[in-house]
Amino acid sequence: MREAVDSGNKEFKAYTEFSGLTRIFHWLRALAIFSLIGTGFYIALPFLSASPSATPINFTQAYIRSIHIIFGFILIGISCFRLYLFFFDKQGSKEERKSFVQFLQPQVWFSTIKTYFWIGKHPHIDGTYNPLQFATYFMLGILVLLISLTGVALYGNVYHSGLGGVLGVCFKWVEVVCGGLANVRTIHHILTWGFILFIPVHIYFVIWNSIKYPNGGADAIVSGIRYQKDLKV
C-alpha cells in the first residue's frame, strides 16, 4: 500500500514494509529472547536462596525453568510461522522476499559495505533489507534453529512423559550428534552468547540507519511504514 506524503518541497511515497503479523512476531520474539537469556543464566547458576521451610512451597528454580520452557516454545512457534510467512505471505512479506535478489548481487554488497564505512552512498535497495542485513538475519535464523534443537533435546531429557517423552525420542539424535548430553548443554550455552552479541549490533545498526537515512527505518517495525522519495516529482 502506497500513499503520497508531502514534506516541504519534497514528496515521498509511504508504503507498508512490515505487515501487522510481522511486527507482532518481531516484538514477541524479542521478548522471548530476552526472557530466555535471563532465565537461562539463572538456571545455569541459581543465585536466589529461599528461606528454609518445612513446607515444600519454595520452587524458585522450577518456576524459572517453567518460564524458560514457555518462552522457548513461543520462540520456536514464532520462528516456524515467521518462516512460513516469508515464503507464502503474498503481500506482507513481499518486500522481504525482494531482498534475496540483491543479496546475490556482489555490487550491492560492495556499495552497502562502503556505506557502513562512510565512504560511499547507500545503494538503492529493492526490498526490506540490504545484503548485509539479509545475511545477518539468515544467520540469526540458523542460530534460532540450533539453539531450539539443543533446547528441545535438553527438555526431553528432563520431562519423560507427555510431550517431553515424545520429543525425547524424536530428538535423541541431537544428543548423539553432539556426543552426549553434557555437550548439548555446553553448545546451548555457547549459542546463547550468539544472541547476546547479536542484540547490541542489531540495535546499533538500526539506529545508525535511522540517523543517516531518516525514512522511517527504526519506527517501521512499529508502524510498518517506510518512506521513499517519489521519483516522479
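Residues numbered from 1 in each chain as written. Predicted model: local features only at pLDDT ≥ 70, side-chain atom pairs only at ≥ 80, totals over all residues. Heavy atoms only, no water.

Novice: Is there a simple way to think about the overall build of the protein in this case?
Specialist: Counting its regular elements, the protein contains nine helices and three strands. For the protein, the N- to C-terminal ordering of α and β elements is β-β-α-α-α-α-α-α-α-α-α-β. Among the 233 residues that make up the protein, the fraction classed as buried is 35%. Put simply, 65% of the contacts in the protein that link residues at least 6 apart link residues at least 24 apart. Total accessible area computed for the protein in this model is approximately 14,500 Å², and 70% of it derives from carbon and sulfur atoms. (Helix = DSSP H or I, 4+ residues; strand = E, 2+ residues; numbered from the N terminus. Buried < 20%, exposed > 50% of the residue type's maximum accessible area, 1.4 Å probe, protein only. Contact = heavy atoms within 4.5 Å. Areas by Shrake-Rupley, 256 points an atom, 1.4 Å probe, with all protein chains shown as cover.)

Novice: What am I meant to see in the layout of surface pockets here?
Specialist: If you roll a probe as big as a water molecule over the atoms, it shows you where there is empty space left. Space inside the second largest pocket adds up to approximately 720 Å³. Taken together, 30 residues form the lining of the second largest pocket, with Ile43, His68, Gly151, Leu154 and His188 sitting closest to its centre. Secondary-structure elements contributing two or more residues to the lining of the second largest pocket are α1 (20-44), α2 (60-88), α5 (131-156) and α8 (181-212). (1 Å grid on protein atoms, 1.4 Å probe; cavity = no way out; pocket = protein on both sides within 12 Å on 5 of 7 lines; lining within 4 Å. Points joined across faces, edges and corners; volume = space filled by probe spheres on them.)

Novice: For this particular structure, what's the right way to read α5?
Specialist: For an α-helix the count is 3.6 residues per turn, leaving residues at separations of three or four pointing the same way. Taking 1.5 Å of rise per residue, 26 residues should cover 38 Å, and α5 covers 38 Å from first to last C-alpha, within 8% of that figure. The distance from a side-chain oxygen at the start of α5 to the backbone nitrogen of Leu132 is 3.0 Å, and the residue carrying that oxygen is Asn130. (Expected span 1.5 Å × (residues − 1). Polar contact = N/O pair within 3.5 Å; in protein donor to acceptor, adjacent residues only side chain to side chain.)

Novice: How should I be thinking about the packing of aromatic side chains in this particular structure?
Specialist: Aromatic ring pairs are described here by two measures, namely the spacing of the ring centres and the angle between the planes. Taken as a whole, this structure holds 19 aromatic pairs when the rule is applied. A ring pair is formed by Phe81 and Tyr84, whose centres lie 5.7 Å apart and whose planes are at 10°; its orientation type is stacked. Taken together, the positions of Phe81 and Tyr84, both in helix α2 and three residues apart, correspond to about one turn of that helix. You can call Tyr84 partly exposed: its relative accessible area is 44%. Ring geometry for Tyr129 and Tyr137: centres 4.9 Å apart, planes at 65°, overall edge-to-face. (Phe/Tyr/Trp six-rings, centres within 6.5 Å; stacked < 30°, edge-to-face > 60°.)

Novice: I would appreciate a short explanation of the confidence of the model for the protein in the present structure.
Specialist: Do not read the fine detail of predicted coordinates wherever pLDDT is low. Per-residue pLDDT for the protein averages 83, and the proportion of residues at 70 or more is 85%. Across the protein, element-level confidence peaks in helix α7 (residues 172-178) with a mean pLDDT of 94 and bottoms out in strand β1 (residues 2-7) with 47. In this model, residues 1-7 is a region of pLDDT below 50 whose contacts with residues beyond four sequence positions or in other chains number 19 contacts. (pLDDT = per-residue confidence, 0-100.)

Novice: So what exactly am I meant to see when it comes to the environment of His160 here?
Specialist: Topologically, His160 is positioned in the loop between α5 and α6 (163-170). Residue class for His160 comes out exposed when judged on its relative accessible area of 62%. A distance of 3.4 Å separates a polar side-chain atom of His160 from the backbone oxygen of Asn157.

Novice: Just to check I follow, could you spell out the nonpolar core for this structure?
Specialist: When a protein is soluble and globular, its nonpolar side chains tend to lie buried together. Of all hydrophobic cores here, the largest spans 14 residues; its most connected members are Ile33, Ile37, Leu75, Leu140, Leu143, Phe195 and Ile199. Elements supplying a minimum of two residues to this core: α1, α2, α5 and α8. What Phe195 contacts, discounting residues up to four positions off in sequence, is Ile33, Ile37, Leu140, Leu143, Val144 and Ile147. Membership of the second largest hydrophobic core comes to six residues, among which are Phe18, Phe86, Tyr129 and Ala220. (Core = buried A, V, L, I, M, F, W, Y, C linked by side-chain atoms within 4.5 Å.)

Novice: I tried to follow a nonpolar patch on the surface on my own but got confused; where do I start?
Specialist: Residues Leu21, Phe81, Leu83, Tyr84, Phe87 and Phe88 make up a contiguous nonpolar surface patch of about 640 Å² in total accessible area. For the nonpolar patch, the element with the highest residue contribution is α2, accounting for five residues. Tracing the sequence through the fold places Leu83 in helix α2. (Patch = residues over 30% accessible without salt bridge, like charges linked within 9 Å, V, L, I, M, F, W, Y side chains within 5 Å. Salt bridge = Lys/Arg side-chain N within 4 Å of Asp/Glu carboxyl O.)

Novice: What am I meant to see in α8 here?
Specialist: In this model α8 runs 47 Å from its N-terminal to its C-terminal C-alpha over 32 residues, within 8% of the 46 Å that 1.5 Å per residue would give. Turning to α8, its buried residues are Val184, His188, Leu191, Thr192, Phe195, Phe198, Ile199, Trp208, Asn209 and Ser210. Buried residues belonging to α8 abut α1, α2, α4 (106-116), α5 and α7.

Novice: I would appreciate a short explanation of unusual backbone geometry in the present structure.
Specialist: Peptide bonds are trans in most cases, and residues, glycine excluded, mostly fall at negative phi. Even without a glycine there, the phi angle at Trp118 is positive, about 60°. For Trp118, the location among the structural elements is in the loop between α4 and α5. Since its relative accessible area comes to 58%, Trp118 is described here as exposed.

Novice: Any chance you could explain the environment of Val108 here in plain terms?
Specialist: Turning to its location among the elements, Val108 is positioned in helix α4. Owing to a relative accessible area of 7%, Val108 belongs among the buried residues under this scheme. Remark: the alpha-carbon pair of Val108 and Pro123, spanning 15 residues in sequence, is separated by 6.6 Å. The contact partners of Val108, leaving out residues within four places of it in the chain, are Gln102, Pro123, Ile125 and Pro131.

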